[in-house]
Amino acid sequence: EPTQDKQALLAFLSQVPHENRLRWNQSVSACSWVGVRCDASNSSVHYLRLPGVALVGQIPANTLGRLSQLRVLSLRSNRLSGSIPPDFSQLKLLRSVYLQHNEFSGAFPPSLTELTRLTRLDLSSNNFTGPIPFSVGNLTLLTGLFLQNNGFSGKIPSISPPGLVSFNVSNNRLNGSIPSALARFPASAFANNINLCGAPLAPCNPFFPSPAPAPTLPPPLVPTQSKRRKLSTAAIIAISVAGGVLILLLLLVIIFLLIRKRRKSESAKPQKLPVSAATAVGDAGTSSSKDDVTGGLAEGAERNKLVFFRGGGYSFDLEDLLRASAEVLGKGSVGTSYKAVLEEGTTVVVKRLKDVAVAKREFEQHMEVLGNIKDQNVLPLRAYYYSKDEKLLVYDYMPAGSLSALLHGSRGSGRTPLEWDNRLRIALSAARGLAHLHVSGNVVHGNIKSSNILVKQENLDACVSDFGLNPLFANSSPPHHRIMGYRAPEVLETRKVTFKSDVYSLGVLLLELLTGKAPNQASLGEEGIDLPRWVQSVVREEWTAEVFDVELMRYHNVEEEMVQLLQIGMACVATVPDQRPEMQQVLRMIEEMNRGETDEGLHHSSDDAIRGGGGSDNSQATPVESRTSPPGFTP
Ligand SMILES: Nc1ncnc2c1ncn2[C@@H]1O[C@H](COP(=O)(O)OP(=O)(O)OP(=O)(O)O)[C@@H](O)[C@H]1O
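Residues numbered from 1 in each chain as written. Predicted model: local features only at pLDDT ≥ 70, side-chain atom pairs only at ≥ 80, totals over all residues. Heavy atoms only, no water.

### A word on the overall build of the protein chain
Step number 1: Of the regular secondary structure elements, the protein chain holds 14 helices and 23 strands.
Step number 2: For the protein chain, with 635 residues in total, the buried portion stands at 50%.
Step number 3: For the protein chain, long-range pairs separated by at least 24 residues make up 57% of all intrachain contacts whose partners lie at least 6 apart in sequence.
Step number 4: Total accessible area on the protein chain is roughly 29,400 Å²; 55% of this is exposed by carbon and sulfur atoms. (Helix = DSSP H or I, 4+ residues; strand = E, 2+ residues; numbered from the N terminus. Buried < 20%, exposed > 50% of the residue type's maximum accessible area, 1.4 Å probe, protein only. Contact = heavy atoms within 4.5 Å. Areas by Shrake-Rupley, 256 points an atom, 1.4 Å probe, with all protein chains shown as cover.)

### Focus on the sheet that holds strand β13 (residues 173-177)
Step number 1: Here we have 7 strands laid out as an open sheet, ordered β3-β5-β7-β9-β11-β13-β14, and parallel in their pairing. In this open sheet, the two strands that pair with only one neighbour each are β3 (56-58) and β14 (195-197). This sheet shows a mean twist of 20 degrees between the axes of neighbouring strands, independent of strand direction.
Step number 2: Relative to β14, β13 runs parallel, the two sharing 3 bridges. Considered in β14, the bridge of Asn175 is made with Asn195. (Pairing = 2+ DSSP bridges. Axes fitted to C-alpha atoms, helices over the stretch in contact; angles between N-to-C directions.)

### With respect to the state of the cysteines
Step number 1: For the structure on display, the rule yields 2 disulfides.
Step number 2: Shown here is the disulfide that connects Cys31 with Cys38, its sulfur atoms set 2.0 Å apart. Taking the torsion about the sulfur-sulfur bond, which here is approximately -95 degrees, the covalent link between Cys31 and Cys38 counts as left-handed. Of the two residues, Cys31 and Cys38, neither departs from the other in class, the shared state being buried.
Step number 3: Here Cys197 engages in a disulfide with Cys204; their sulfurs sit 2.0 Å apart. Taking the sign of the torsion about the S-S bond as the criterion, the disulfide between Cys197 and Cys204, at about 95 degrees, is right-handed.
Step number 4: The exposure class assigned to Cys197 is buried, which follows from its relative accessible area of 8%.
Step number 5: If the cysteines joined by disulfides in the protein chain are listed in sequence order, their pairing comes out as 1-2, 3-4. (Disulfide = S-S within 2.5 Å.)

### Some thoughts on the site of the ligand
Step number 1: The local shell around the ligand holds 20 residues, among which Ser333, Ser337, Lys351, Asn447 and Asp466 are the closest.
Step number 2: Note that an oxygen atom of the ligand is positioned 2.8 Å from one of the side-chain N or O atoms of Lys449.
Step number 3: Interatomic distance of 2.4 Å between a side-chain N/O atom of Asp466 and an oxygen atom of the ligand.
Step number 4: The protein chains hide 90% of the 600 Å² of surface that the ligand would expose on its own.
Step number 5: Broken down by secondary-structure element, the contributors of at least two residues to the shell around the ligand are β17 (325-331) and β19 (347-353).
Step number 6: Counted by class, the shell around the ligand contains 7 nonpolar, 8 polar and 5 charged residues. (Near = heavy atom within 4 Å. Polar contact = N/O pair within 3.5 Å; in protein donor to acceptor, adjacent residues only side chain to side chain. Nonpolar A, V, L, I, M, F, W, Y, C, P; charged D, E, K, R; others polar.)

### Focus: the side chain of Ser450
Step number 1: With respect to the secondary-structure elements, Ser450 resides in the loop between α7 (420-439) and β22 (453-455).
Step number 2: Within the local environment of Ser450, its side chain forms a polar contact with the side chain of Glu512, the two groups lying 2.9 Å apart.
Step number 3: The residues contacting Ser450, other than those within four sequence positions of it, are Ser402, Leu403, Ser404, His408, Tyr486, Leu509 and Glu512.

### Quick word on the sheet that holds strand β6 (residues 96-98)
Step number 1: Ordered by their spatial adjacency, 7 strands build an open sheet running β1-β2-β4-β6-β8-β10-β12, and the pairing between neighbours is mixed. Looking along the sheet, the strands with just one partner apiece sit at the ends: β1 (36-38) and β12 (166-168). Going from strand to strand, the sheet's axes swing by 15 degrees on average, the running direction of each strand aside.

### Focus on the side chain of Asp461
Step number 1: Along the chain, Asp461 turns up in the loop between β22 and β23 (462-464).
Step number 2: The exposure class assigned to Asp461 is buried, which follows from its relative accessible area of 5%.
Step number 3: In this structure the side chain of Asp461 is engaged in a polar contact, spanning 2.5 Å, whose partner is the side chain of Ser429.

### Some details on the nonpolar core
Step number 1: Core analysis: the biggest nonpolar cluster contains 76 residues, and Phe363, Met367, Leu393, Trp420, Ile453, Leu565 and Ile590 have the highest contact counts within it.
Step number 2: Here this core takes 10 residues from α7, the largest share from any one element.
Step number 3: Met367 has contacts with Phe309, Leu381, Tyr384, Leu393 and Leu472, leaving out every residue within four places of it along the chain.
Step number 4: Core analysis: the next-biggest nonpolar cluster, separate from the first, contains 62 residues, Val36, Leu64, Phe128 and Leu196 among them. (Core = buried A, V, L, I, M, F, W, Y, C linked by side-chain atoms within 4.5 Å.)

### Re the pairing of β19
Step number 1: Across the 7 residues that make up β19, a large majority, 5, are buried.
Step number 2: The turn joining strand β18 (residues 335-341) and β19, which pair antiparallel and follow one another in sequence, is formed by 5 residues; a positive phi near 105 degrees is taken by Gly345.
Step number 3: With 5 bridges joining them, β19 and strand β21 (residues 391-396) adopt antiparallel strand pairing. Counted as the bridge partner of Arg352 is Leu392 from β21.

As far as function goes, none of this settles anything; it's purely spatial.
So this is what it looks like as structure tokens:
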């Protein structure tokens, strides 16, 4: 138990407001706290990683500076401010410092330039000002120096650590010539400064070398008489036009908000399924098939009926469905999904497809293929309905919701984090479901994403939904923005999904499980990120631990597993389809992951997983034992 380090950490946390999910328990070893890792003998703290835990305010002096054996410090993505305490100079063994995305200010921290073992220093996206000191040159072991998005000014000192491979000073207020030792970095590393010149930017003028900080003079405050008159006429016109536009915009926004609010409240309250009137009036009377088999389909619009597949145990007809109270679950890429509660109490999900491009016969044949796929990790298609105006699919309702909701729902505020073991189990279930589709069903899923991984309430096992629908649609329409982040690069061009593009999408899903980040989801209020590219760039920088979801940091002995799953995910997102593994290989890799403590959970069924088509739902996965949180930590 590193008593002194523990005191230092407690002193730090007691003075810095933070999210309460850290909950460092004083009665257990500091080595088991969230974000803290010690050496093998648990005698000192070696790693402190507290990214994105809402730390606010200054780092108090005489706290972290006392962690004398610290190797890695990550406080990135918080709201820390002020300057870095001088006692950081005592952290002589620090190798990596990640302080980016905070609100630190003041001069370049002099204490950091004394840490001669530093290999990575990231101060980007803060409010640092003043010059970059020459003493940065003391840091001869640096491989990465990130100072972008600050207010650094003056010239760039001539530093040239031999191993420097990543360097960025863009978006500062630097000027003067770029030292030749840094000319090998791309122009983007120097972009958006006041007046930098020399390679890789434009050459400096040899007669007027390195201009002083460009005096960007404000326009004269008191213009001449005539100018003022001219300007004010123009200004008046400009102001009135701008004002008019502004008012118009404001009105539009208000109207938009009102419409949205109305729509929302309409969709929230239970309604009837909004299937077309023709369907309701013309067909309802004839829809009578109970547990019907797909054979002998009725022809002609007036004889359409709800066609059930075997094994669902449902007993209702179209009329019942139309009388059910329906609630919009969401609008997806191929239509809208409703939760329908029938009068006798059965709840199902009805997906109302839009823009189906195939004729009835083809639709029916395709449904027959999909309806016969039975696997415990695939959400079964229970029934379908086809008429000229309406195409409906019926699935079981999964009350525990989707992986997307579990992973991204109400982040930061009173949410229950999704535990590592559960994430692993979901990854395994998704891989099993997808392998079954590929091998036994010979069906491309075509739409793997976290909202299509539905969780079973009993054991957090999961199944893949919305599979195999692509052949029903013309593939000329641009992909829906919510799928974009999962789409393999070749699909964006060819618009054709394949087994290998499914593997890519599953890879993105694995990265999503590991990072907690949603790929390209502008709807979550974040700038979308290209998850595979982001992970690849971070891992390339030997920064692997930084990619993992902050919620996973509380678990011990699982980093090894996380890295293994990360490697599998990264193999799946290879840009070239042929370089991606087959789905069965992916499944086997996940099953054979070298599990630190509970080996059994994943090993049992490599062959079992690819179960024969038409099999029953009765094979049960052995649940993976839940790894405990550190003692004393209540999730
Ligand atoms: N059977 C189901 N049980 C419970 N929730 C479901 C079910 N099917 C879909 N959902 C949820 O309803 C919402 C809307 O689903 P829907 O499939 O229409 O859209 P999507 O998954 O966002 O996109 P896509 O149409 O591309 O699959 C999603 O949040 C999804 O997770």
